[in-house]
Amino acid sequence: MTLTILSLEDEADVREALERDLENYLDRFRLEMAEDVDDAWAVIKEIEADGDELALVLSDHRLPGRSGVDFLVELVADERLSAVRTVLVTGQANQEDTIRAVNEAGLDYYIAKPWDPEALKAVVRNQLTEYVLETGTDPLPYMPLLDGVRVMEAIRSGM
């Protein structure tokens, strides 16, 4: 089982930038890309069929068809995926969209485009650490990319 990060982004250059900024995660985590909501659900089925686990979604808001916020609301309504950490990465969500993402999708974090690569990595690290601690996932395979202090404190306290 490998923990997976799913990036939902319709613009190819932005997907490539996200992949480039997260390349240090590729040794320990599975990184999947999707272009729209239907593609994202197909990718989630593939992740599950492979016996892997979705841990984090980075979703744009403006997508063809349904929005990223629509996807996040659907995602949290699925009991199998309720522990997945969610981050909205967008430059075009208005206040109403953002409020809906927080209130209906339980959004864990918001990143405005264009993002700072180091800030993105810090958010991803924090969210993956939170996922591992909340789900009781063995942190050892992922330790170099998690918040080691928080993980060690959790281990000392019996997780």
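Let me begin by describing the structure that accompanies this report. Given the structure is predicted, the values throughout are model-derived calculations rather than measurements.

Topic: the packing of helix H5 (residues 117-135) against helix H6 (residues 148-156)
Link 1 in the chain: At a closest axis distance of 10 Å, the pairing of H5 and H6 adopts a crossing angle of 15 degrees. With respect to each other, H5 and H6 are oriented roughly parallel. H5 and H6 meet at a crossing whose hand is right-handed. For the pair formed by H5 and H6, the contact residues are Arg125, Asn126, Thr129, Glu130 and Leu133 on the first element and Gly148, Arg150, Val151 and Ala154 on the second.

What to know about the environment of Gly68
Link 1 in the chain: As for its placement among the helices and strands, Gly68 is situated in helix H3 (residues 68-77).
Link 2 in the chain: Distance in space between the C-alpha atoms of Gly68 and Leu18 is 16 Å, their sequence separation being 50 residues.
Link 3 in the chain: Excluding its chain neighbours within four sequence positions, the residues that come into contact with Gly68 are Ser59, Asp60, His61 and Leu63.

Focus on helix H4 (residues 95-105)
Link 1 in the chain: Asp97, Ala101 and Ala105 are the residues of H4 that are buried. Each buried residue of H4 lies within a common arc of 45 degrees when the element is viewed along its axis, so the set occupies one face. In H4, the exposed positions angled more than 90 degrees off the buried face are occupied by Gln95, Glu96 and Asn103.
Link 2 in the chain: The secondary structure elements touched by the buried residues of H4 are H3 and strand S4 (85-90).
Link 3 in the chain: Where H4 starts, the residue carrying a side-chain oxygen 3.0 Å from the main-chain nitrogen of Glu96 turns out to be Asn94.
Link 4 in the chain: One or two positions beyond H4, positive phi appears at Gly106, with a value near 60 degrees.

Rules behind the numbers
- Residues numbered from 1 in each chain as written.
- Predicted model: local features only at pLDDT ≥ 70, side-chain atom pairs only at ≥ 80, totals over all residues.
- Heavy atoms only, no water.
- Axes fitted to C-alpha atoms, helices over the stretch in contact; angles between N-to-C directions.
- Helix = DSSP H or I, 4+ residues; strand = E, 2+ residues; numbered from the N terminus.
- Parallel < 35°, antiparallel > 145°, perpendicular 65-115°, else oblique.
- Left-handed = near helix turned anticlockwise from the far one by under 90°.
- Contact = heavy atoms within 4.5 Å.
- Buried < 20%, exposed > 50% of the residue type's maximum accessible area, 1.4 Å probe, protein only.
- Arc of directions from axis to C-beta.
- Polar contact = N/O pair within 3.5 Å; in protein donor to acceptor, adjacent residues only side chain to side chain.

Bear in mind that shape data such as this cannot, by itself, settle questions of function.
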